[in-house]
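So the chains spell out like this:
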Amino acid sequence: MSRGFVKEDDQEEIPLVPPRADLPAGVTNYVTQVGMEELLAEKDRLIIEREQLDVNDDKERRIAFNHINAKLKLLNTRINNAITVNLTKQPPHVVRFGAIVTLKIDQVITTNQYQIVGVDEADVSKGKISFISPIAKILMDKKIGDKAILKLPKTERVFEIMGIDY
């Protein structure tokens with residue numbers, strides 16, 4: 001049937017689902033064990049939410065159902081493409097994926113601590129930075145005492161590795 005013969009009220013709204021954290025094409029989706037557990041817990045929450053939809057209007061229920069399914073589809077793709085990195089097998093004295101790095105930034109006396117994690121786990125407010133972030137990239141393969149320089153448009157920041165833990 002031609003779309004010209006469909007009433008406007010009968011057309012389904014296509015749910016808009018925000019994309020997940022950016023993972024450039026061709027980049028492996030590394031996750032920590034905690035990150036994988038968080039992804040699986042999110043999947044469980046979405047499945048429960050879908051099963052417990054409490055919407056009386058059929059059209060609204062279909063829209064909500066489709067929205068959850070679209071989110072699940074994106075999430076399942078992330079889970080299926082994820083590679084969980086065993087942090088106990090990372091070299092203890094070198095910054096690699098999963099490392100908790102203690103840093104002295106520039107000449108500031110206090111230190112900051114960041115863990116290098118997967119894109120879905122990254123949350124700067126929790127001290128977790130994505131492995132594809134500029135800071136994580138310059139820290140990779142560094143050792144305690146090494147300095148990494150992040151070039152910014154008008155200046156540069158110097159990060160000194162003070163500690164590495166997994």
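One can find the structure itself at the top, above this paragraph.
The notes below deal with the structure included here. Here the structure is a predicted model, which is why all the values come from computation and not from measurement. (Residues numbered from 1 in each chain as written. Predicted model: local features only at pLDDT ≥ 70, side-chain atom pairs only at ≥ 80, totals over all residues. Heavy atoms only, no water.)

1. Description of the sheet that holds strand β6 (residues 147–151)
Inference 1: Taken together, the 5 strands give an open sheet; going across it, the order is β5-β4-β3-β7-β6, and neighbouring strands pair in mixed fashion. Strands at the two margins of the open sheet, each flanked by one partner only, are β5 (128–130) and β6. This sheet shows a mean twist of 40° between the axes of neighbouring strands, independent of strand direction.
Inference 2: Pairing of strand β4 (residues 111–117) with β5 involves 3 bridges; the strand directions are parallel. Across the sheet, V117 pairs through a bridge with S130, a residue of β5. (Pairing = 2+ DSSP bridges. Helix = DSSP H or I, 4+ residues; strand = E, 2+ residues; numbered from the N terminus. Axes fitted to C-alpha atoms, helices over the stretch in contact; angles between N-to-C directions.)

2. Description of the nonpolar core
Inference 1: V95, V101, L103, I116, L139 and F159 are the most contacted members of the largest nonpolar core, which totals 21 residues.
Inference 2: Elements with a minimum of two residues in this core: β3 (100–105), α3 (134–139), β6 and β7 (156–165).
Inference 3: If sequence neighbours within four positions are ignored, F159 has contacts with L103, K104, I105, I135, I138, L139, D146, K147, A148 and L150.
Inference 4: Membership of the second largest hydrophobic core comes to 10 residues, among which are L46, L72, I79 and A82. (Core = buried A, V, L, I, M, F, W, Y, C linked by side-chain atoms within 4.5 Å. Buried < 20%, exposed > 50% of the residue type's maximum accessible area, 1.4 Å probe, protein only. Contact = heavy atoms within 4.5 Å.)

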